[in-house]
Each structure stands twice: as structure tokens, then as C-alpha cells.
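Observations on the model geometry
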Amino acid sequence: DGGITQSPKYLFRKEGQNVTLSCEQNLNHDAMYWYRQDPGQGLRLIYYSQIVNDFQKGDIAEGYSVSREKKESFPLTVTSAQKNPTAFYLCASSPGGVVSNQPQHFGDGTRLSIL
Amino acid sequence: GQNIDQPTEMTATEGAIVQINCTYQTSGFNGLFWYQQHAGEAPTFLSYNVLDGLEEKGRFSSFLSRSKGYSYLLLKELQMKDSASYLCAVRGNYQLIWGAGTKLIIKP
């Protein structure tokens, strides 16, 4: 079955540590996205990529980094510069670009907590 | 600025009908999505409206009025499994803008 796989489901970070969240899709979608979801707030866009080897900052990119070396993969690194990283992180993909009329498909999310 | 408003929480009874509203003020409008999200899970696509009027899909319908900046999601014959958050998202000129979501609680 086609879909988006995020791992791990739960992740714990120590102070000063970088952590990487994995996102893999086998839907053959060009565009991929990373969102952060906090209680009582809408999804906020961290980074997006519309093509391999290219990505753009979203609204809250500070303290995060991404890469897009393969069409299927879009890992997110939460760096030590991100001072409030505790959140639910969602990866998504879509056939079209960031304002496409095609719906985005989401992975099951990674919940990141600070130790 | 860009703003999407949805009620934070709603409660309804199993078997009943509920309407979840979404109002938006955005720089540009190119369509509106509704998603369902169960707690701790991925959002899943429900409907998409780009023209005014009602779109019906089984027990779920979605309505759009572009002149009023308003949409609603109508859920009929509510089931316990409909307990979830419902997210409204607007296609702006440069990005998808998300509402905070409405948590729907279904009581027996």
C-alpha cells in the first residue's frame, strides 16, 4: 500500500542535542512538507520541498534543517537552536506544489519530547 | 493578516447532526479543505470546495460561501467514531493556511 512512513513515533531529546525525524513516501509525490502541531494551534509549516535537491523555509524554520536528496525521503533535523521543540511533528506529501488543489497526505506523526 | 477561525470544541449526540463552521480572512483564496484528525493520528482528507455551494459525500457535506469567507462541514447520523478534530485549511496565494481545528465530542 502506498503511503507516508514517519519514524520514530516517539522521540526524546536531551538538552543541546540534535535529533533527526525520518519521513519516507512511496506515493511518487513531488512535494513534501514538515509541519509542527501544538495544542490549540493550527498546523504550522516548517519546511517544504517541491523537487529533489530544493527546499524552502516555511513560517517557523528557525532551529530546524532538512534535506531532499531523494524524491522519497525528506528528513527533518531538530537542532539544539530550537529552544521549544516539544511538539507533534507531521510529514506530508502531495502530487502538486504547496498551493495545489490536490490534498496533502500525512504520515502518522512523531511526538518529540525534551528529557 | 491571515486568519482562520473555528470553534475550539463542540459536543453532539450519537445519531444527530452537527455543523462545524470555519470563517477565514486570507490574502487570496483558491479553495478550502476539510480534514479529520483522530487524537495522535494523521489528518485525513475529507473534502475540498473551490466554488460556492454544497458538496455532499455520504454522511459528510461541506459548504462554501466565498463572498462571506465562510465554510461549514455538516456531519449527519453521527457515530462514535466521528469523535475527532476537524481541521479547515485555505489555499492562499502562496501557502496552505490551517485553522486550529474543532474537537468534536460525541456522546451516546
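In this numbering scheme, every chain counts its residues from 1 along its sequence in written order. Key to labels: chains lettered from A, ligands numbered from 1, both in the order written. The model is predicted, so local features are restricted to residues of pLDDT at least 70 and side-chain atom pairs to those at 80 or more, both for listing and for counting; the totals for chains, interfaces and linings are taken over all residues. Side-chain calculation: all heavy atoms of the structure are included, whereas hydrogens and water are not.

Time to look at the interface of chain A and chain B. At the junction of the two partners, chain A supplies 21 residues and chain B supplies 18 residues. Around 1,500 Å² of area is buried between chain A and chain B when both sides are counted, 56% of it from carbon and sulfur atoms. A carboxyl oxygen of Asp or Glu within 4 Å of a side-chain nitrogen of Lys or Arg is what we treat as a salt bridge. In this structure, the connection of chain A to chain B is made through zero salt bridges. Polar contacts, as counted here, are pairs of nitrogen or oxygen atoms within 3.5 Å of one another; within protein the pair requires one atom able to donate a hydrogen and one able to accept it, and residues that are adjacent in sequence qualify only if both atoms are side-chain atoms. Across the chain A-chain B interface, the total number found is five residue pairs in polar contact (both at pLDDT 80 or more). If you list the elements that add at least two residues to the side of chain A that touches chain B, you get strand E4 (31-37) and strand E9 (87-94) of chain A. Of the residues belonging to the side of chain A that touches chain B, the class tally is eight nonpolar, nine polar and four charged. Note on definitions: a residue-residue contact is assigned when non-hydrogen atoms from the two residues lie within 4.5 Å. Summed over both partners, buried area is the accessible surface (1.4 Å probe) that two parts give up on being assembled. Put simply, DSSP marks the helices as runs of H or I at least four residues long and the strands as runs of E at least two long, and each gets a number from the N terminus on. Ten residue types, Ala, Val, Leu, Ile, Met, Phe, Trp, Tyr, Cys and Pro, are classed as nonpolar, four, Asp, Glu, Lys and Arg, as charged, and the remainder, Gly among them, as polar.

For patch building, the residue pool is restricted to those with more than 30% relative accessible area and no salt bridge; the joining distance is 9 Å between like charges and 5 Å between nonpolar side chains (Val, Leu, Ile, Met, Phe, Trp, Tyr). Residue-level accessible areas treat just the shown protein chains as cover; the underlying method is Shrake-Rupley with a 1.4 Å probe. Taken together, Tyr10, Phe12 and Leu115 of chain A make up a surface patch of nonpolar side chains, about 390 Å² in accessible area. With respect to the helices, strands and loops of the structure, Phe12 of chain A is situated in strand E2 (residues 10-13).

With that settled, the discussion passes to the sheet that holds strand E1 (residues 3-5) of chain B. Pairing between sheet strands relies on hydrogen bonds along the backbone, with the strands arranged either parallel or antiparallel. Residues and elements named next belong to chain B. In this analysis, strands are considered paired if DSSP registers two or more bridges between them. The sheet built from five strands is open, its strands ordered E1-E3-E8-E7-E6 with antiparallel pairing. At either margin of the open sheet sits one strand with a lone partner, and together these are E1 and strand E6 (53-57). Within this sheet the neighbouring strands show an average axis-to-axis angle of 15 degrees, counted without direction. Bridge count for E1 against strand E3 (residues 18-25) is three bridges, and the pairing is antiparallel. What sits directly across from Asn3, in E3, is Gln25. Each axis is a line fitted through C-alpha atoms, and for a helix only the stretch in contact is used; angles between axes span 0 to 180 degrees, taken between their N-to-C directions.

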